[in-house]
Amino acid sequence: MRIVIGGALGRMGQELASAAQAQGIQVACGVDVAYAGQPADFPMVAGYERVTQQADVLIDFSRPDALPEILAFCRSRRLPAVLCTTGYTDVELASIHKASQEIPLLRSANMSLGVHVLEQMMALACKVLGEGYDIEIVERHHRMKADSPSGTALMLYDTARREMGGGIKPVYGRYGRMEQRQPGDVGIHAVRGGSMTGEHEVGFYGEGEQLLLIHRAENRSLFAQGALKAGRFLAGKPAGLYSMRDVVAQMLA
Ligand SMILES: NC(=O)c1ccc[n+]([C@@H]2O[C@H](COP(=O)([O-])OP(=O)(O)OC[C@H]3O[C@@H](n4cnc5c(N)ncnc54)[C@H](O)[C@@H]3O)[C@@H](O)[C@H]2O)c1
């Protein structure tokens with residue numbers, strides 16, 4: 001497999017490049033707006049218009065504002081893309097959806113397989129425990145994280161909404177609220193500090209019992225490994241919008 005890395009000079013881009021090279025995957029080109037001749041052991045450019053190499057898939061860990069260039073590049077090359085960047089707006093998500101009618105795209109706010117197992121356990125808890133339990137989502141990340149709450153926390157909230165069949169609403173923090181918790185509230189809380197990679201906790205609080213499901217990322221390599229798995233899954237697939245759920249489903253099949 002040959003990959004193009006979006007955001008190649010960033011923390012995740014560098015992690016992905018070393019994970020790929022360790023697996024014998026060729027980094028055909030790295031793209032990063034901050035590129036100004038820094039040494040790299042694969043071709044690097046500052047913009048997609050300068051990529052001349054052939055590749056099988058693009059894997060992006062950059063910033064949401066790179067999206068228009070990525071989609072234009074992938075459409076013109078008929079190149080599948082794994083979109084790992086978080087913090088997309090609804091308009092950007094709609095443009096991903098539209099482009100997926102032409103090319104295979106996989107987007108996930110969390111590339112770790114463990115988080116997707118957590119998601120399935122959460123879906124089970126929503127079904128069984130249901131409305132009698134209060135759900136709270138707490139995420140913790142390093143001080144450099146730009147978006148909050150994390151894309152994964154929002155993904156977990158969406159899972160709850162899907163499993164509960166509506167009737168719930170997100171409550172982001174509780175500053176200024178002078179009222180008790182309302183039925184159907186799902187608290188979403190973001191903690192930022194230090195260097196911790198990332199933690200997601202989903203709590204089900206009932207009368208007389210609590211169920212806490214926690215996923216802790218200890219380093220970034222698991223996201224790189226997951227992104228490469230997603231890249232392998234996507235190369236050769238028909239146009240469409242895929243997620244890590246599809247990768248997990250293929251593993252279970
Ligand atoms: N889906 C996941 O599992 C997962 C895991 C970790 C991080 N992330 C997300 O990946 C993104 C990057 O994270 P990071 O920690 O590596 O950040 P980072 O700030 O270390 O790196 C981002 C890189 O992208 C580059 N960049 C910015 N705009 C660009 C553009 N228009 N074109 C090309 N490159 C551009 C920057 O110069 C920088 O080198 C964030 O959105 C983060 O939340 C997702």
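Remember, predicted model here, so these are calculated numbers, not experimental data.

## Comments concerning the overall build of the protein chain
Part 1: If you tally the helices and strands in the protein chain, you get 7 helices and 12 strands.
Part 2: On C-alpha atoms alone, the protein chain measures out to a radius of gyration of 19 Å, which is about the 18 Å that the 2.2 N^0.38 rule sets for 253 residues.
Part 3: Here the C-alpha coordinates of the protein chain stretch approximately 60 × 40 × 35 Å along the principal axes.
Part 4: Within the protein chain, buried positions represent 35% of all 253 residues.
Part 5: Intrachain contacts of the protein chain at a sequence separation of at least 6 include 67% that bridge at least 24 residues.

## Regarding the domain arrangement of the protein chain
When the parts come together, some accessible area is lost, and that loss is often what is quoted as the size of the interface.
Part 1: Domains assigned within the protein chain are domain 1 (2–107 + 220–252) and domain 2 (113–217).
Part 2: Between domain 1 and domain 2, the C-alpha centre-to-centre distance is 28 Å.
Part 3: Counting residues at the interface gives 8 residues for domain 1, matched by 8 residues for domain 2.
Part 4: When residues of the side of domain 1 that touches domain 2 are traced back to their parent elements, those giving at least two are α6 (221–234) and α7 (244–252).
Part 5: The dominant element in the side of domain 1 that touches domain 2, judged by the number of residues it contributes, is α7, at 3 residues.
Part 6: When grouped by side-chain class, the residues that make up the side of domain 1 that touches domain 2 number 3 nonpolar, 3 polar and 2 charged.

## A word on the sheet that holds strand β1 (residues 2–6)
Strand pairing in a sheet relies on backbone hydrogen bonds. The paired strands run either parallel or antiparallel.
Part 1: Read across the sheet, 7 strands follow the order β3-β2-β1-β4-β5-β6-β12 without closing on themselves; strand pairing throughout is parallel. Unpaired on one side and paired on the other, β3 (44–45) and β12 (240–242) mark the two borders of the sheet.
Part 2: Bridge count between strand β2 (residues 26–31) and β3: 2 bridges; the pairing is parallel. The partner of G30 across the bridge, within β3, is M44.
Part 3: Sheet contacts for helix α1 (residues 11–22): β1, β2 and β4 (57–60); angle to β2, the most-contacted strand, approximately 165°.

## Here's the deal with the site of the ligand
Part 1: Residues in contact with the ligand amount to 25 residues; listed here are only the nearest, G7, G10, M12, S62 and A66.
Part 2: With 3 residues, the single largest contributor to the shell around the ligand is α1.
Part 3: Residues belonging to the shell around the ligand are distributed by class as follows: 11 nonpolar, 10 polar and 4 charged.

## Digging into the nonpolar core
Part 1: Residues I3, V82 and A227 are the most contacted members of the largest nonpolar core, which totals 47 residues.
Part 2: Counting residues per element, this core draws most heavily on α6, which supplies 8 residues.
Part 3: When near neighbours in sequence (up to four residues on either side) are disregarded, V82 contacts V57, I59, L106, A227, A230, G231 and L234.
Part 4: L118, L156, A160 and F204 belong to the second-largest nonpolar core, a separate cluster that totals 15 residues.

Each value, and the rule that gives it
Residues numbered from 1 in each chain as written. Predicted model: local features only at pLDDT ≥ 70, side-chain atom pairs only at ≥ 80, totals over all residues. Helix = DSSP H or I, 4+ residues; strand = E, 2+ residues; numbered from the N terminus. Rg over C-alpha atoms; globule rule 2.2 N^0.38 Å. Buried ≥ 20, exposed ≤ 12 C-beta atoms within 10 Å, placed from the backbone. Contact = placed C-beta atoms within 7 Å. Domains from an automatic or database assignment. Nonpolar A, V, L, I, M, F, W, Y, C, P; charged D, E, K, R; others polar. Pairing = 2+ DSSP bridges. Axes fitted to C-alpha atoms, helices over the stretch in contact; angles between N-to-C directions. Near = placed C-beta within 6 Å. Core = buried A, V, L, I, M, F, W, Y, C linked by C-beta atoms within 7 Å.

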